[in-house]
Amino acid sequence: MKVGKRLTWLSAGTVIVVALVGGSGSVGISKLVSALEGATHTRQVMQKLDELMFHVMDSTAAQRDFLFSGQKPFYDSYKLNADQAAQTLQDLRLLVAKSPRQLDRVDKLGVTLKERRDLLRESADALPSAGLVGAAEKLRLSDWLHLQKEWTAICREIRA
């Protein structure tokens, strides 16, 4: 074989090896980028869940402060946090919109949160007419454990 042919075959072999290495590297990088996007999405969803629970707990605390003190700043804080919880729930729905299963769980949580919010509002509205005892009775009717169970189920599903 002539030197020219050998160099041609050697060059062709080198090109094939470089193409294989480049192709496998590209596939590997693509998989890593996809995994990073999935992890980032999960982190964003978990942060929204944490933010949602913060607003729910803060609105509950402010509502109870309002019941015991009757002061308007506590009522305003309760309303603000309740509204922020509703907005955070909508943001969470947008984040999980591609997964019907997770969207269903978020919707169930939304129904539970709405029931809780309605009871908090009813008890706050009952304070002027029914007094502290009547308002506290309305609050007692809320099922906080049900909300916690829904919350835990969603977090477990998302982590899985």
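Please refer to the structure placed before this passage.
Model, not experiment: these values are computed from the prediction.

A. Local environment of the overall build of the protein. In terms of helices and strands, the protein carries four helices and zero strands. The order of helices and strands in the protein, counted from the N terminus, is α-α-α-α. Here the C-alpha atoms of the protein give a radius of gyration of 28 Å, more than 25% beyond the 15 Å that 2.2 N^0.38 yields for 160 residues. For the C-alpha atoms alone, the extent of the protein along its principal axes is close to 105 × 30 × 15 Å. Across the 160 residues that make up the protein, the buried fraction comes to 29%. Roughly 10500 Å² of accessible area belongs to the protein as shown, and the carbon and sulfur atoms make up 62% of that amount. The distance from the centre of the 23 positive side-chain charges to the centre of the 18 negative ones in the protein is 13 Å.

B. Structural view of the side chain of Thr 88. Topologically, Thr 88 is positioned in helix H2 (residues 72–95). Owing to a relative accessible area of 3%, Thr 88 belongs among the buried residues under this scheme. Within the local environment of Thr 88, its side chain forms a polar contact with the backbone oxygen of Gln 84, the two atoms lying 2.8 Å apart. Filtering out sequence-adjacent residues up to four positions away, Thr 88 remains in contact with Lys 48, Glu 51, Leu 52 and His 55.

C. The arrangement of the packing of aromatic side chains in detail. What the rule picks out here adds up to two aromatic pairs. Between Phe 66 and Tyr 75, the ring centres sit 5.0 Å apart and the planes meet at 55°, which makes this aromatic pair tilted. Considering the side-chain rings of Tyr 75 and Tyr 78, the 5.7 Å spacing of their centres and the 55° angle between planes classify their relative orientation as tilted. Remark: Tyr 78 and Tyr 75 occur in helix H2; sequence separation between them is three residues, near one turn of the helix.

D. Spotlight on H2. Taking 1.5 Å per residue as the helical rise, H2 with its 24 residues ought to reach 34 Å, and the 35 Å between its terminal C-alpha atoms agrees with that figure. Along H2, the positions that sit buried rather than exposed are Tyr 78, Asn 81, Ala 82, Ala 85, Thr 88, Leu 89 and Leu 92.

E. The arrangement of a nonpolar patch on the surface in detail. Judged by side-chain polarity, Val 3, Leu 7 and Leu 10 come together as a nonpolar surface patch covering roughly 320 Å² of accessible area. Among the secondary structure elements, Val 3 is positioned in helix H1 (residues 3–69).

F. Just the nonpolar core, in detail. The biggest cluster of nonpolar side chains holds 19 residues, and the ones touching the most others in it are Leu 49, Leu 52, Val 56, Leu 109, Leu 113 and Trp 151. Those elements giving two or more residues to this core turn out to be H1, H2, helix H3 (100–140) and helix H4 (144–159). Element by element, the count of residues in this core is highest for H1, at six residues. Formed by nine residues, the second largest nonpolar core is a distinct cluster that contains Tyr 78, Leu 120, Ala 124 and Leu 127.

Calculation notes
- Residues numbered from 1 in each chain as written.
- Predicted model: local features only at pLDDT ≥ 70, side-chain atom pairs only at ≥ 80, totals over all residues.
- Heavy atoms only, no water.
- Helix = DSSP H or I, 4+ residues; strand = E, 2+ residues; numbered from the N terminus.
- Rg over C-alpha atoms; globule rule 2.2 N^0.38 Å.
- Buried < 20%, exposed > 50% of the residue type's maximum accessible area, 1.4 Å probe, protein only.
- Areas by Shrake-Rupley, 256 points an atom, 1.4 Å probe, with all protein chains shown as cover.
- Lys, Arg positive; Asp, Glu negative; His and termini not counted.
- Charge placed at Lys NZ, Arg CZ, Asp CG, Glu CD.
- Polar contact = N/O pair within 3.5 Å; in protein donor to acceptor, adjacent residues only side chain to side chain.
- Contact = heavy atoms within 4.5 Å.
- Phe/Tyr/Trp six-rings, centres within 6.5 Å; stacked < 30°, edge-to-face > 60°.
- Expected span 1.5 Å × (residues − 1).
- Patch = residues over 30% accessible without salt bridge, like charges linked within 9 Å, V, L, I, M, F, W, Y side chains within 5 Å.
- Salt bridge = Lys/Arg side-chain N within 4 Å of Asp/Glu carboxyl O.
- Core = buried A, V, L, I, M, F, W, Y, C linked by side-chain atoms within 4.5 Å.

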